[in-house]
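Descriptive structure summary
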Amino acid sequence: MSHDLFSSLDSFVAVSAASSSLLVRDVTGEYRSADADEVLQAAQQVLAGRVRGANVLTSPAVVKDFLRARLGALPHEVFAVVHLDAQHAVLEYVEMFRGTVTQTSVYPREVLKDALALNSSALLLVHCHPSGCAEPSRADEHLTQTLKAAAALVDVRVLDHLIVAGSTVLSMAERGLL
């Protein structure tokens, strides 16, 4: 009798777990449970939808959530730019440069080329530190000042440089480093 109870409990748990998982449709049209990477990709798409067109200055938490999901777990550095219009609504998020575990090369010319192509009025600079330490390096500070000066020449403002390290997002503007 107890064997029947446990086997029916096991099947109940299996059905409950399956019914609460995210389902995806494969190329044949069949539905199956999503794997972890597919769940993360879906979450990034939802967060990107919330960020695009949103007023960044009145909702920094949404931007930080998006950046945590997008960059927080990467094993290598990525430098990205959030392009903003004149009202600081998001035009586009662009991952521009990929680096190694400890550094990435950033080319101001390419950043400005994208800013002009997207007709950006302002930029949020973003990069991740896979080390887990969000503290800006001297190189980060120098890069920020270089990009800020270059962008100013074409009437584009750099509003912030955000550093993502795991679940931490550090704002250089809040630290007075902009």
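Residues numbered from 1 in each chain as written. Predicted model: local features only at pLDDT ≥ 70, side-chain atom pairs only at ≥ 80, totals over all residues. Heavy atoms only, no water.

Comments concerning the pairing of strand E4 (residues 90–98)
For clarity, the cut-off: Only strands that DSSP links by at least two bridges are regarded as paired with each other. In this description a helix means any DSSP run of H or I spanning at least four residues, a strand means any run of E spanning at least two, and both kinds are numbered starting from the N terminus.
Summarising the sheet, strand E3 (residues 78–84) and E4 pair through seven bridges and their orientation is antiparallel. Residue pairing across strands places Val 78 opposite Arg 98, the latter belonging to E4. What sits between E3 and E4 in their antiparallel hairpin is a turn of five residues, with His 88 showing a positive phi close to 65 degrees.

Description of unusual backbone geometry
Peptide bonds are mostly trans, and most non-glycine residues show a negative phi. For the record, the criterion: Whether a residue is buried, partly exposed or exposed follows from its accessible area with a 1.4 Å probe, protein chains only, as a fraction of its type maximum: under 20%, in between, or over 50%, in that order.
Positive phi values are uncommon outside glycine, yet His 88 reaches one of about 65 degrees. Along the chain, His 88 falls in the loop between E3 and E4. By relative accessible area, which is 15% here, His 88 ends up buried.

Quick word on the packing of aromatic side chains
For clarity, the threshold we go by: Between 30 and 60 degrees the pair is tilted, below 30 it is stacked and above 60 it is edge-to-face, where a pair is any two Phe, Tyr or Trp rings, Trp via its six-membered ring, whose centres lie within 6.5 Å.
Counted according to the given criterion, the structure contains three aromatic pairs. For the pair Phe 66 and Tyr 93, a centre-to-centre distance of 4.9 Å together with 90 degrees between the ring planes defines the contact as edge-to-face. Here Phe 66 is found in helix H3 (residues 60–71), whereas its partner Tyr 93 is found in strand E4, with 27 residues between them in sequence. For the pair Phe 66 and Tyr 93, one class covers both residues: buried. Centroid distance Phe 79 to Phe 97: 6.2 Å. Interplanar angle 40 degrees. Geometry classified as tilted. Taken together, the positions of Phe 79 in strand E3 and Phe 97 in strand E4 put the pair 18 residues apart, joining distant regions of the chain. An aromatic cluster of at least three residues, connected via ring pairs, comprises Phe 79, Phe 97 and Tyr 107.

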